[in-house]
Structure formats: C-alpha cells, structure tokens
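Below, each chain spelled out in residue letters.
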Amino acid sequence: MALTIDIAGVAPERFLFAPSPLAELTSMLHALAEPGHHPALHGWIAATSASLKPELSERLIEADFLWRSARADFFVPGRPQATLTEELDEVDRLDDETYVFSALITTSCGSTPLHRLFSREKALELALARGPRQAEFAERLLADPPRVRAWVRRLLEDCEQAFFAESWARVQHRLAADSRHKADLLAHRGLSAMLDAVSPSVSLQGERIVVDKLQDNATTAYGSGVTFVPTAFGHPHLLVIHAPGWRPVIQYPIAESGLPPVPLHVVEQRIDALAHPVRRRLARTLARGQHTTGELADAWQLTAPEVSRHLAVLKQAGLLTTSRRGRYVLYQLDLLVCARLGADFVEAILR
C-alpha cells in the first residue's frame, strides 16, 4: 500500500519548499489533542496545556475534529506565506462550499474517493461519531458557514497569542533552513536525493513520488506542482494533501537524532515472520543465546531442514544475527530489533 503523486511533466521549478505557520500551528493543535501520538513532545504538551485558559481549552475541544484524526486540507497550504495572518487570509478567500467540504470530509485516513463521501447526512454522521460537541459544531457550520469560519479564525488567532507565537519563533528559522537545504539538494543532486532527505518513507519510482503509508491513494501534480512543508511538531506523521482540486503537499518532520523510520513492508514482514508458532518457539530459544540449526532441531524435535526454512524467514525479516564458529553457523535473535517492533508498528500506522 502507498500514496502516489504523479509528477510526469512537472518541471523542477514547480517543486516548492517553505515552512507554513498555519500548518505548524495545526500540527501543534493535533499534538495537544492526541498527546499519545507524540511522546517526544510530552514536555511541551504538558506545559502548553497547563498554560491555556479554560475558555480557550473549551473552544479547542469544540473544534478539535478539524485536526485530531486528520486535518482539513486548507490547514496545510500549497503556497505557504510568511505569517499566520497571511495564510488565514488565503483561507478566507475559499468559497463556503470548498471550506465546508474540506472541514467536514477528510481523506488522509482513508481511501474512498471524496466525491462518494460528501453529503449533509454523511458529514453529520461522521461528526456525531466524534461526539455531540463535534456534531453540534458541524450542524452550525452547515447552517451558517460565514459565522463559523469567522469563529475558527478567531480561535486560531487566540492560539497565536496564547502559545503559537512563542513556539513558532523558536522553530521557524530551523524550518526555513531545512527548506533551503531541500531546495539545494533538488538543484544540485536531483529529485531522488531530495526525496531521500525528506524521509526514508518517500521515494521516486519512475515518474511518481511514492509515500510509504498504509493507504491506497493517488493524485497528480500536473499543472500545479508539489509543495514540501517541514514541521518540528509533526513526528511521526507524514502528512500528504492529495484530494482532487488541491495542490499536493507533503508535510514532513525535520531530521531528528535517532533511528530512521522502518519501511511499512519490513514491519509487516517481521510481524508475519513471528506469527508462526514454530518460529516463535525458535525465537524463544534464540533470545537466550546463539544456537546452531542442529541444536534448535534437537531442542524442539524438528528436522534440520524444517529449522533451516524457519530460520531463513526470520533472517530475511531482519530478526536474526549470525556468526560463524568453525564450520557451524550460529543464530541469535536480534533483541533490539524485536524490542522496537511495537514502536515501529505504531509509527508506521501513524505515518
């Protein structure tokens, strides 16, 4: 599974690199709404949540379905501006139908074509599933879009005063530097090298940008181009705006210390390898030390060829280390890889 962006015929100058105040603010709002997704931000989340006035906290809860599980497309601009005010002005220029459509029907967590989803009844049903407050908000938005749009803008402006301006001042120069670096990579080393630097989960395959996500979706950049927006608050999410009619945008976490993300197919391969009961028994023994094929066969009353087949599956999944002692090959379970498997799985599905 993957999300693809067709870039056939897109000139290099149509690739845009820029930080976005609005995208970063809504990344922060998502982190506040879903702190479990962002353990590395625990300190910032705790301090910011404690500093919010109760009235602002209540308003954020009322509107949080706009950024909790997915974000409205207009929150991640295809053409970022220098200030939050300028980007909110761009949002204000959207017609009511486009705004309501994007606010109530999000596509980043599914694969159903957008045109098959939208109706007043469907929008209310989705909002109700997120709680009565969200359902009431959706009803108000459908009934009086201009009034609710103004309410949302005031909410975001109040967030700027309450916490965003300070946090943005700390990260905006780092984000701008990252954008310049990606643009330089594209100019001097080409698209493939630039995409590798954006994320190990993004690659160039022919004339398509392929994003390693647990989705089956496709869009085209023909006639528009692609925007790359760095974020300091988005990890582990790799957000892609791909709905028809919107310029494709990839919001990617800037590089951090630590291990790179594991590709989704590798996570699946490791889970499948450990799903077999015989391989789990072998893993139990191999977790305790190095063993030969013959030792494993004797320990579990298996034939040597059976053990070899199972070891081959575990090794191909990257779950074993090997060493040689004379003519014997010794196998051992890679405990660090196994310990990370749960975290790798969570990161892959949140990507």
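What counts and what doesn't
Residues numbered from 1 in each chain as written. Predicted model: local features only at pLDDT ≥ 70, side-chain atom pairs only at ≥ 80, totals over all residues. Heavy atoms only, no water. Pairing = 2+ DSSP bridges. Helix = DSSP H or I, 4+ residues; strand = E, 2+ residues; numbered from the N terminus. Salt bridge = Lys/Arg side-chain N within 4 Å of Asp/Glu carboxyl O. Buried < 20%, exposed > 50% of the residue type's maximum accessible area, 1.4 Å probe, protein only. Contact = heavy atoms within 4.5 Å. Core = buried A, V, L, I, M, F, W, Y, C linked by side-chain atoms within 4.5 Å. Lys, Arg positive; Asp, Glu negative; His and termini not counted. Polar contact = N/O pair within 3.5 Å; in protein donor to acceptor, adjacent residues only side chain to side chain. Expected span 1.5 Å × (residues − 1). pLDDT = per-residue confidence, 0-100. Axes fitted to C-alpha atoms, helices over the stretch in contact; angles between N-to-C directions. Parallel < 35°, antiparallel > 145°, perpendicular 65-115°, else oblique. Nonpolar A, V, L, I, M, F, W, Y, C, P; charged D, E, K, R; others polar.

**As for the pairing of strand β4 (residues 208-211)**
- Pairing of strand β1 (residues 2-6) with β4, which is carried by four bridges, proceeds in the antiparallel orientation. Across the sheet, residue T4 finds its bridge partner in β4, namely V210.
- Sheet topology places strand β3 (residues 202-205) next to β4; four bridges connect them, and they run antiparallel. Bridged to Q205 within β4 is R208.

**Some remarks on the pattern of salt bridges**
- As enumerated under the stated definition, the model contains twelve salt bridges in all.
- Of the charged contacts, one joins R153 and D89 as a salt bridge, the two residues approaching to 2.8 Å between their closest N and O atoms. Taken together, the residues span a long stretch of sequence, with R153 in helix α8 (residues 145-189) and D89 in helix α4 (residues 84-92) at a distance of 64 residues.
- One salt bridge in this structure joins D96 and R149, with 2.7 Å as the shortest N-O distance. Here R149 lies in helix α8 and D96 lies in helix α5 (residues 96-104), a separation of 53 residues in the sequence.
- Owing to a relative accessible area of 32%, D96 belongs among the partly exposed residues under this scheme.
- The exposure class of R149 is buried, given its relative accessible area of 8%.
- Shared partners join several salt bridges into a network, and the residues in it are D89, D92, R153 and E157.

**Thoughts on the environment of I7**
- Mapped onto the elements of the fold, I7 is located in the loop between β1 and β2 (15-17).
- Owing to a relative accessible area of 8%, I7 belongs among the buried residues under this scheme.
- Sequence separation between I7 and N217 is 210 residues; the distance between their C-alpha atoms is 15 Å.
- Excluding its chain neighbours within four sequence positions, the residues that come into contact with I7 are F15, L191, L204, E207, R208, I209, A221 and V226.

**Remarks on the nonpolar core**
- With 48 residues, the main nonpolar core has L29, L66, W67, F75, V152, L156 and F163 as its most contacted residues.
- The leading source of residues in this core is α8, at eleven residues.
- L274, L286, L296 and L314 belong to the second-largest nonpolar core, a separate cluster that totals 23 residues.

**Considerations on the side chain of R270**
- Relative to the helices and strands, R270 resides in helix α10 (residues 264-275).
- At 4.2 Å, D344 is the nearest oppositely charged side chain to R270, a buried residue that forms no salt bridge.
- Within the structure, the side chain of R270 is placed 2.7 Å from the backbone oxygen of A317, a separation counted as a polar contact.
- Those residues in contact with R270 that sit more than four places away from it in its chain are V262, A317, G318, L319, V337, L341 and D344.

**Description of helix α1 (residues 21-33)**
- Taking 1.5 Å of rise per residue, 13 residues should cover 18 Å, and α1 covers 18 Å from first to last C-alpha, within 8% of that figure.
- Among the 13 residues of α1, 13 are classified as buried, and the element is accordingly described as predominantly covered.

**Some remarks on the confidence of the model for the chain**
- Within the chain, residue pLDDT values average 88, and 93% of them lie at 70 or more.
- Confidence over residues 107-117 falls short of pLDDT 50; this stretch has 23 contacts with residues more than four positions distant or in other chains.

**As for the packing of α4 against α8**
- Running from N to C, α4 and α8 point in directions that differ by 170 degrees, and their axes come no closer than 11 Å. Considering the angle they form, α4 stands roughly antiparallel to α8. Listed contacts from α8 to L84, T85, L88, D89, V91 and D92 of α4 are R149, R153, L156, E157, E160 and F164.
- Here the contact of α4 with α8 is composed, by residue class, of five nonpolar, one polar and six charged.

**Some words on the environment of V152**
- Within the element layout of this structure, V152 appears in helix α8.
- For V152, a relative accessible area of 3% corresponds to the buried category.
- In this structure, the C-alpha to C-alpha distance between V152 and H276, residues 124 residues apart in sequence, is 51 Å.
- For V152, the residues in contact, after removing those within four places along its chain, are L66, F75, Y99 and F137.

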